[in-house]
Structure formats: C-alpha cells, structure tokens
Amino acid sequence: MPRFHVYWIFTKKAFLRSAVYRFDVWSRLGSNLIFLLMWGSIWTALYAGREEAGGISFQAMLTYIIVSQFLTGVNGAGTPLWEIQEKVRTGDIALELMRPFNIPLRYLFADFGSVAFYIVTALLPIYAMLFIFMDFTLPADVFTWVSFIAAAFIGFLIRYCIEMSFGLLSFFLVETGGIEDIFYFAMSLLSGSVIPLWFFPEWLAKVAAYLPFQGIYYIPNAIFIGEIAGGEILLSIGLQIFWLIICYFLLRLVWNRASHKVVVQGG
Amino acid sequence: MAAIKYVNLYFKLVSAGIRAQMQYRFAFIMRIIGLITAYTGTAVTMWVMLYQFQVLGSWNFFEMLFLYAVAILSWGFCVILFLHFRSLDTYILNGTFDRFLVRPINPFFHFMAMKFDMASFGQFIFSLIIFIWVSLELHIEWSSGKVLFLLASIIGGILIQGGMLVLISAIAFWTTKSQQFYWVVMYPARNLTNYPLVIYPKIVQWIAAFVVPFGFVNYFPAAVILEKGTPFFPESIGYFSPLVGLVFFIIAYCVWMLGLSRYKSTGS
Amino acid sequence: MPIIEVANVRKDFMIAKRETGMMGALKSLIKREYIKKEAVKDISFSINEGEIVGYIGPNGAGKSTTIKMLTGILVPSSGDVLVNGIVPYENRQENAKSIGVVFGQRSQLWWDLPTIESFELLKEIYQVSNQRYKKNMDTFTDILGLDEFLNTPVRQLSLGQRMRADIAASLLHDPPILFLDEPTIGLDVVAKEKMRTFIKEINHERKITVILTTHDMEDIEKLCERMILIDHGMKVYDGEIAMIKERFGKIRTLIVDLEESPRSIQLLGGEVCKEEGNRYWIKFNRDEVSASELIAQITKTHSVKDLTVEEPAIESIISRIYQEGYQPLKA
Ligand SMILES: Nc1ncnc2c1ncn2[C@@H]1O[C@H](COP(=O)(O)OP(=O)(O)O)[C@@H](O)[C@H]1O
Ligand SMILES: [Mg+2]
C-alpha cells in the first residue's frame, strides 16, 4: 500500500513550480484556444448552417468540441511524452530508481499538481466564460455532472498510463520517432477528440471501439452532451475502468522491464 | 568575402551537417517514418471528417488533400533549411551560440548552414504521391505555366514559413525562449492552414493574409490552380505568393539581426 | 604598445526574481520583478603585445563576461574596449580574424564529426590558404600529438584531447591574440602540463598575446608574469606575480604526521593552527623561520612519520587580499 501523503508532497511541489514557468501556462492556453478556434470553425463549416446532422444538433456538436478542447488542455498539462523520453535519456529516471517510491505514481501525483495549477489559473476561467457568454448545452442533472467528472478523471488516468508507457519505451529504443507519431495519431483521431466516433465510417468506429483511446475523450465528451445517457453511462464508465486496468498493467509491465534493465545493465 | 565563397562555404558546412546526421542512421530512418506517419494521420483525419459531410466550405476531400500537399511540400524544404532555428534558445542557453559570433562570417548564415535535415525528403515522397493522385482524381491539366506557378508559390511558401521560423528564433534574443513560441504560434498556425481559410472568421483570414501571411503558403495558390474562389479576397491574390515571401523573409532577417545586437549570452 | 585596451568597462545583466510560496507563485504569473546583476563593474587595463596575462578570480567574479566583451560576443553596458585597434562588438567579423578563442567548458568543434573535419571546416571559414593550413597542422600535430585522435569524432575525445584540439583549432588562422577561458579546467595533471607547455611555446615562438582565465594558481605561476585579479566584478590587483607572492605568500603551512600525539607542540616561529588525530598543521612566516629550521625543531622532540609544506593557494591569497584590501606599494 503506497503511503499517499508522501506523494502529496510531489503534488504540492509541482503546483508551486508551475508558477515559475508562467510562460508555459500562457503559451499552452494560447495554443489550446487556437485549436479550439480551428475545430470550432471546421465543425461550423461542416454543418454549413444545418441545425442537425446524423441526429446530432449543431449546438451539441460545438459543445462536444469545447469540452474536448478543455480536456485536451487538462491532459496536456501533465508531463508530456517528450519530457519523459528526455528524462529516460538523461538518466534522471534511472537515478530515481534508488529512491523509496513508485516512480510512475510519483510522476502521476506531480502531474496532479501542475494540472491543478493550470486548471485553476487558466482553463477554468476561460472556459467558464465561454459557457457563460455563449449558448451551449450544459448537463441538466447532477448525476450527469458527476459521471462526466468521473469519466474525465478515468480518461486522464488511461491517457497517463498509455503516455507513460510510450515514454518509457525510450529505455529500449534509441529513437522513437515513428512510434511517437502513431501515439499522437491515435490520441487525436481514435480517441474521438476532434471527430466523434458516430461520424466515423462504420469499420473505423468498430476499430476505435475495441481500443482504449475512446475512454480518454469520446466517453466523457459524449456523457457531457447527453449522447451517452441513462444506463449507458454506467456501462461506458465500466468500459473505461476495464481499459484503465489493462493500461495500468501495461504500464507496470513496461516499467518492470525498464527498471530491470537499469538494475542489470545500468540503464 | 565574395558571394561565390559563401556559396562554396555553404555546401561545405551543409555537407558536414549531413554527415553528422548520418552518424545516427537509425534515428534518421525513424524520423522519416515518423514524418510520413504524421502526415498520413492528418490526411486520414481529413478523410474521416468528410466521410459523412462531403465538403468543408465548398472544398471536397481531394481539393483539401491538394491544399495539404502544397503546404507539406514547402514545409519540407523549410524543415531542411530552417527548422533548427526554433531551437536557437537551446543554443543560447548552453552557450553554443557564442561560437557563431567569434568567426569571421555572417552569424545568420553560419547558423543557417549548421544543420541540413535530410529526413525531410520523406515529406517530398509523401507530397509527390498526393500530387499525382489528386491530379488524376481532379483531372488537373498541368500546363507549363501552372507548373511554373506552383514552383514559384512553393518558393514563396518556403520564404514565408522560413521567415516565420527566423522571426520565432529571434524572440530568443529578447526572452531566451523560442522553441515554445514555435509550439504556440507556428505549430497551430500550420495546422490552421491545413484547412481552407474560408472556413475561419474574417479576422483570422485577414491575419493569415496580411499579418502572418500563411494564406500565401497554400490556400491562395491552391485556389488559383484548382480554380476555386477565395471569398473576401481578389481571385488573383495567389500570384503574389513569391513577392510576399520575399518581403516577409527580409523583414524576418532584419529582426533577427536586430535581436543579435542585443544578444546576452549565458551565465555560468 | 598596447594591443588590448579596456577602459571603465561594466556589464549588467537583468535577472528575473523568483517568488516563493503559494501567493508568490500566483503573483509571478502576472508580474515578474527583475534584479540587476552587475557582472563586471568598472574594469580598466591594457595589455601589451606578446604578454601572457593571467586573468584570475573566484567563480562568478566576471572573468568570462570580460572575455566575452573582448571577443565581441557581448556588448558592454558602458566603457570602451579596443582589441587590435577594433571595437569588438561593433565589428565582430573583423575582430574574429585577429583573435583565437577557447572556452574550456564547451567545445567549438563539430561534435559528431571526426576531429579532422572540424579543422577542414575552420580552414574554409577563416579562408586559410592550403600552404598555411598544412604548415600549422604539422606544427600542432607535432607539439600537441593531434594525430592520435584526428579520425575520432569529437564527442568521443577525452577532455584533454578535446582541449588540445580546441586550442589548435583556435590558432589555425594565426591570430595575434589568443583568449583562453579556463583552458585547464577538469584536466588531469599530465594534460594540464601539456597544455601549459604549448601555451608557453606559442607565446614565445609566435609572439602571440595570450589572456587566460583560470582559478588554478599553478597555471598562473607556470605561465604568466603578470596577473589581473578580479573579484565581484572589480579589479583587485594588476601587476607582477612575484610581487604579490612576496607580499601575501609568506605564510606557509607545514603539515606533519607524528608517531604519537604529544600533549602540546612548542615551536619557535611556528604555530599549530589545526590538528586531527596525529596530524598537525603548523603555520609559519617564511621571513621569520625557514621550513628546514622548523622541521629540525620538530624532529628533535618528536618522531615524524611524514611531512609536507603547503604553499598558500590562490584562493587564500585572494581572500587575504580581499580582507585586508590591496594598497599599491608605489603610488
Ligand atoms: N548571460 C548572463 N545572464 C545573466 N547573468 C550572467 C550572464 N553571464 C554571467 N552572468 C552572471 O555574472 C556573474 C559573472 O559571471 P562570469 O563572468 O561567468 O564569472 P566567471 O567566469 O568569473 O566565473 C555571475 O554571477 C553570473 O551568474
Ligand atoms: Mg567563467
């Protein structure tokens, strides 16, 4: 049983450290908003004045994109892939193996800190304004809100496990260029972050349904706009938990291999 | 030093850069694979997007692919020549930039000739295949005039995007940061221009035409070749691409040199 | 005739202040304060052709900053710099032709390429004629033993090899002035010695003016007749080394290991300043008592296992000068 109060310290430290890199905060927010503008414009143009398409109202679709961009901001505020790779290459992570804590957990808790800072200082104010001043669909009942937040949180954990696993591959591969881009592609398309799964060609929707990525954006987004509702919500969250467990074991496997390699060959 | 000496020196320096890159052959191949994967990924996303909707602001899938391929082609050259400008901040912070100032040649030239990213040739394969495919699908007649126009626009695109990279790197002279500006300005801007400008709010289109002239990289020229309208802009605006590129690049160069005069080096 | 002239030069850097605590963290998101760091304050000196001058001082004293102003990398905040008749920062490229620079901390060579290729590229950059290139390469290969690693990529060189390659590279275009910023940092004894011999030789034979920064006193003692001592961006001393050693280097320390520890040691002209087990540190003034006299006194009353005499390190001389201040003897 990990002693969580130890990990809390990492959360607090990361929160404080985020302020030092204030430029990161502003720049991330800036590019997040540009992408919001881009996808908002794209979907506006795709709907081309229609009230609804494929059973989804224009308003719901725009809300989907906004929620998705918000979650992209949240997920992007943690330790990014390249930084994990960098830490592997410079031996930072190998050094930390000597410390008495679980390293993937330590980075997760540190991410909580920097993500919290980013949400409080940047994302929440901006997105709250968007929702106040523009006419978007908000979930009506508390249950939907709670399940959205739960689904978004589980999605965050799934992404963390996958991103960390990809990052740790640097222990085994000198150069991961191609693999990285597969990761980013899956992250943007198969997760439903920019195009909801229901607009996919049928075969691709099936492929996406059998992969964990939909748990990161598609499920929380769809819950938010009410596309996934009632009993389906629990089913979807159950599916997310299923994927979280699998991704967690994947991360453990990669991590064990990696630390084994460090111990045996010195990194 | 005479211009001819500079050309000669450029090839010497660049070939050294290439040989340095070739020391890491596996990385080189992985990078090519990575680039092609990333571009294919965007193309697939476009396809999925238009699977249900057919058109995006009156542009169909193949027209959008063409638009995309024009951008990728000039970006490919840009990566080869200028991409390393975005890491000027790293050069400054670890002190390696100092060396460019203690040598008897133009520091801009020296820095530019420092790297020559061969992996970008992967992009040419990608955009060439797309050009051929789209030309067949859309029955584009390639007269020599059109080919010439495309080439001129590509050069314009290289100068615009290269100029942008130079501008971004110059920020490092004032703030010791450039890589991040690349990710905040250049990366989203490039993504934005992968789609026809007409879909964006007018103010954005206006900025993309007259402030950060990315519209001249692919949208305006592609509209000319595909004979598509460019609402809010005169039809022939695409012909100005090379001129815009030249002016923009000269401005960028001047800003860079101005920044250089404020260079602060690094401590420790 | 002075080849380098520096008059009332200063250099300030603006550094962002770090806020602490939760509120400070949030505050610094909006507003950040800067503090002025005075790296070099009002330094003046002039150096004649053919001199070797040691520019010394503790870490952070402003040595590298001065070198960067002399090489044209940095623009001084105020004051005048003239190197070989050129204002370096106004005419960097012209200045570059008449100087060679080595930064001990970072190589100027092409990291991933065989060493020889860096030399060939520099030949092109500096427009060195084939004839001169060949002649210089032969000389340097001879003295510095470059041939043992010319085909090895720079990143695989040992620190000593890299430094030799760097210094040879800086001299390829026969500059009349050579700037060396910490040329011996991190080197082992043998490599340091090789470096010093080489520097001495090129100064002698080519009449190259050399300015080197270091915090290794031995570098200074073996190479320079003149040193400029700076601390906190200010010049503390400028003059002959012999003189400063004469004035501040008189206090030495004798370290003895005794067979057993006596209750106390009484010595004429010496004073125990530290003890650790059977080891004693005895301070003495060279003018009052010689080391051999002192040793004779000790061996008379105690059985000595081992002994050494320590000269004062530059650090302690500097700290003494700093504490007592340096008043020039002659006005
Ligand atoms: N580019 C810079 N930006 C900010 N501070 C600097 C910079 N260069 C040097 N400093 C500061 O100026 C002081 C003098 O530095 P330096 O000249 O490198 O000292 P030295 O070479 O004697 O060790 C140090 O406190 C250093 O931190
Ligand atoms: Mg220094």
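That block above? That's the structure.
Residues numbered from 1 in each chain as written. Chains lettered and ligands numbered in written order. Predicted model: local features only at pLDDT ≥ 70, side-chain atom pairs only at ≥ 80, totals over all residues. Heavy atoms only, no water.

Caption draft 1: Fine view of the packing of aromatic side chains. Overall, the coordinates contain 73 aromatic pairs over all chains when judged by the stated rule. With 5.3 Å between their ring centres and 75 degrees between their planes, Phe70(A) and Tyr127(A) make a pair best called edge-to-face. With Phe70(A) in helix H3 (residues 58-76) and Tyr127(A) in helix H6 (residues 103-133), this residue pair connects regions lying 57 residues apart in the sequence. Connected via pairs of aromatic rings, a cluster forms that spans Phe82(B), Phe85(B), Tyr91(B), Phe97(B), Phe100(B), Phe108(B), Phe111(B), Phe173(B), Phe249(B), Tyr253(B), Trp256(B) and Tyr263(B). (Phe/Tyr/Trp six-rings, centres within 6.5 Å; stacked < 30°, edge-to-face > 60°. Helix = DSSP H or I, 4+ residues; strand = E, 2+ residues; numbered from the N terminus.)

Caption draft 2: View of helix H6 (residues 121-138) of chain B. Residues and elements named next belong to chain B. The end-to-end C-alpha distance of H6, which contains 18 residues, comes to 26 Å, matching closely the 26 Å that a straight helix rising 1.5 Å per residue would cover. Those residues of H6 lying buried are Gly122, Gln123, Phe124, Phe126, Ser127, Ile130, Phe131, Val134 and Ser135. Where H6 is buried, its residues contact helix H2 (25-53), helix H3 (61-82) and helix H7 (144-175). His139 lies just past H6 and shows a positive phi near 50 degrees. (Expected span 1.5 Å × (residues − 1). Buried < 20%, exposed > 50% of the residue type's maximum accessible area, 1.4 Å probe, protein only. Contact = heavy atoms within 4.5 Å.)

Caption draft 3: Structural context of the interface of chain B and chain A. At the interface, 35 residues of chain B touch 35 residues of chain A. Both faces combined, the contact of chain B with chain A buries some 2,800 Å², and carbon together with sulfur accounts for 81% of it. Taken together, chain B and chain A are joined by zero salt bridges. Linking chain B with chain A are one residue pair in polar contact (both at pLDDT 80 or more). Taken together, the elements giving at least two residues each to the side of chain B that touches chain A come down to H2, strand S1 (55-56) and helix H8 (179-192) of chain B. Sort the elements by how many residues they give to the side of chain B that touches chain A and H2(B) lands first, with 18 residues. Here the residues of the side of chain B that touches chain A are counted per class, giving 26 nonpolar, eight polar and one charged. (Buried area = accessible area lost by both parts, 1.4 Å probe. Salt bridge = Lys/Arg side-chain N within 4 Å of Asp/Glu carboxyl O. Polar contact = N/O pair within 3.5 Å; in protein donor to acceptor, adjacent residues only side chain to side chain. Nonpolar A, V, L, I, M, F, W, Y, C, P; charged D, E, K, R; others polar.)

Caption draft 4: Structural context of the pattern of salt bridges. For the structure on display, the rule yields 27 salt bridges over all chains. The partner of Glu124(C) in a salt bridge is Lys12(B), with the nearest N and O atoms 3.7 Å apart. With one member in each of two chains, Glu124(C) in helix H4 (residues 115-125) and Lys12(B) in helix H1 (residues 3-22) form a pair that bridges those chains. A residue is classified by how much of its surface remains accessible, and Glu124(C), at 17% relative accessible area, is buried. Under the relative-accessibility criterion, Lys12(B) is labelled partly exposed at 33%. We note a salt bridge from Lys222(C) to Glu193(C), for which the minimum N-O separation is 3.6 Å. Within this pair, whereas Lys222(C) is found in helix H8 (residues 217-223), its partner Glu193(C) is found in helix H7 (residues 189-206), the two being separated by 29 residues in sequence. For Lys222(C), a relative accessible area of 37% corresponds to the partly exposed category. By relative accessible area, which is 31% here, Glu193(C) ends up partly exposed. Three or more residues are tied together by salt bridges with common partners; here these are Glu193(C), Arg196(C), Glu218(C), Asp219(C) and Lys222(C).

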